[in-house]
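The lines below spell out each chain.
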Amino acid sequence: MELRELEYVTAIADAGSLSKAADRLYLAQSSLSQFLNRLESELGTKLFVRTSGGVRPTLSGEIYIRSARQILRQYRMMRAEVQDMERPSEGRIDFGISSFRGEYLFPKVLDRFRKSAPAVEVVIHEMDSIRLHKAVSSGELDMALVAFPDGLLPQKDSGVRRIKRDEVMLVANKEHPVMQYVKIGQGGPPRPWVDLSEILHFEFLLSNRTTILGSSAERLFRELGKEPRALNTNLTASFAAALARQGLGLAFTYRSCAIAQPGVEYLSIGKKQYFADLALLYPPDGYRSRAIRALEETFRQCLEEDTI
């Protein structure tokens, strides 16, 4: 048995499809299919049931996948500890982040980290929030940056370290009529803010409810007991923000992902504002190498610097 075999099988399980797993592994689908057929022949049992919609694990497959994840997690922990002892200034970090936050925040973090730790390889894995949690739990990733809705951050989980309380904001073009409803002070924050209940007649550009921004927006509207005016409710956060900057609606974004641009305004929501918790997620009982701790500190430094 080789580690590569375990990685291939867990990739198939995570993707739920041979074609998607092959794309993630940079393999031809035919090569991955041949590998799986050969492995199942050697084991004398099927690991996956092929369906029209993809593949799903058999009972034998679930046992194999569970054990494979444990072995891979233990191997990565062992490798990290050995490298940390022999070459403390070197190493590799498999890091996970969402597309939206990666686009706006991570380039700055990675640039600063590479200057301070040039011998550490950071391998970026771009995933949505749900997959990030699974990949960290399985040990596929050494760490990931994730967001939790305000008040829902696990308090006793040693694998979760909060690094910032990130404000959820609205992005709008300064020519948008919503600017007529903007307040500064008046019992609210000392920056431009709006009362969400006063602007529901404007069009909102929303993300899917399975995302943190999407679920945060849904929670805000539910608290008001009102439905927003929204034709587009399944946009990526970056796409929605781009449309809003052009004046085509209002979109939710994070303060950490807000970049000052001419003609664009970022608005706090309500007198008390609205927040999400940004946290670094680690595998349960995982080893945090010096390189990982250094990257965590770089995140803290960058997030302390307001972007707008």
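For the structure itself, consult the block above.
Residues numbered from 1 in each chain as written. Predicted model: local features only at pLDDT ≥ 70, side-chain atom pairs only at ≥ 80, totals over all residues. Heavy atoms only, no water.

Here we take up the overall build of the protein. Check the secondary structure of the protein and you find 10 helices and 12 strands. For the protein, the spread of C-alpha atoms along the principal axes amounts to about 70 × 50 × 35 Å. Contacts in the protein between residues far apart in sequence, at least 24 positions, make up 74% of those at least 6 positions apart. Accessible surface, the protein: about 15,800 Å² in total, of which carbon and sulfur atoms supply 49%. The average position of the 42 basic charges and that of the 39 acidic charges among the side chains of the protein differ by 2 Å. (Helix = DSSP H or I, 4+ residues; strand = E, 2+ residues; numbered from the N terminus. Contact = heavy atoms within 4.5 Å. Areas by Shrake-Rupley, 256 points an atom, 1.4 Å probe, with all protein chains shown as cover. Lys, Arg positive; Asp, Glu negative; His and termini not counted. Charge placed at Lys NZ, Arg CZ, Asp CG, Glu CD.)

Now for the nonpolar core. Within the largest apolar cluster, 51 residues are counted, with the highest numbers of intra-cluster contacts made by F95, F204, F252 and F299. Top element by residues in this core is helix α10 (residues 290–303). It accounts for six residues. The contacts of F299, once residues within four sequence positions are left out, are F95, L105, F106, V109, L145, I163 and L280. Y8, A22, L36 and F48 belong to the second largest nonpolar core, which has 19 residues in total. (Core = buried A, V, L, I, M, F, W, Y, C linked by side-chain atoms within 4.5 Å. Buried < 20%, exposed > 50% of the residue type's maximum accessible area, 1.4 Å probe, protein only.)

On to the environment of L248, then. Assignment of secondary structure puts L248 in the loop between α9 (237–245) and β10 (250–254). Overall, the relative accessible area of 48% leaves L248 in the partly exposed class. Sequence separation between L248 and L205 is 43 residues; the distance between their C-alpha atoms is 8.5 Å. Leave out the neighbours within four places in its chain, and L248 touches E203, L205 and L243.

With that out of the way, let us pick up the packing of helix α1 (residues 3–15) against helix α2 (residues 18–25). Relative orientation of the contacting elements α1 and α2 amounts to 125°, with a least axis distance of 8 Å. The orientation of α1 with respect to α2, classified from their angle, is oblique. As α1 packs across α2, the resulting crossing turns out to be right-handed. Side by side, α1 and α2 meet where Y8, A11, I12, D14 and A15 of the first sit next to L18, K20, A21, R24 and L25 of the second. Here the residues of the contact of α1 with α2 are counted per class, giving seven nonpolar, no polar and three charged. (Axes fitted to C-alpha atoms, helices over the stretch in contact; angles between N-to-C directions. Parallel < 35°, antiparallel > 145°, perpendicular 65-115°, else oblique. Left-handed = near helix turned anticlockwise from the far one by under 90°. Nonpolar A, V, L, I, M, F, W, Y, C, P; charged D, E, K, R; others polar.)

What follows concerns the side chain of D166. Here D166 is to be found in strand β6 (residues 160–173). The class for D166 is buried, based on a relative accessible area of 0%. Side-chain polar atoms of D166 contact the side chain of S256, separated by 2.5 Å. Once residues within four sequence positions are removed from consideration, D166 is found in contact with R101, Y254, R255, S256, Y274, F275, A276 and L278. (Polar contact = N/O pair within 3.5 Å; in protein donor to acceptor, adjacent residues only side chain to side chain.)

Under the definition given, this model contains zero disulfides. For the unlinked cysteine C302, the closest cysteine sulfur is that of C257, found at 13 Å. A relative accessible area of 3% means that C302 is categorised as buried. (Disulfide = S-S within 2.5 Å.)

Before going further, it helps to spend a moment on the packing of α1 against helix α3 (residues 29–43). Running from amino to carboxyl end, α1 crosses α3 at an angle of 110°, the nearest separation of the two axes being 11 Å. Relative to α3, α1 is oriented roughly perpendicular. Facing α1, whose interface residues are E5, Y8, V9 and I12, α3 presents L32, F35, L36 and L39. Of the residues in the contact of α1 with α3, the class split is seven nonpolar, no polar and one charged.

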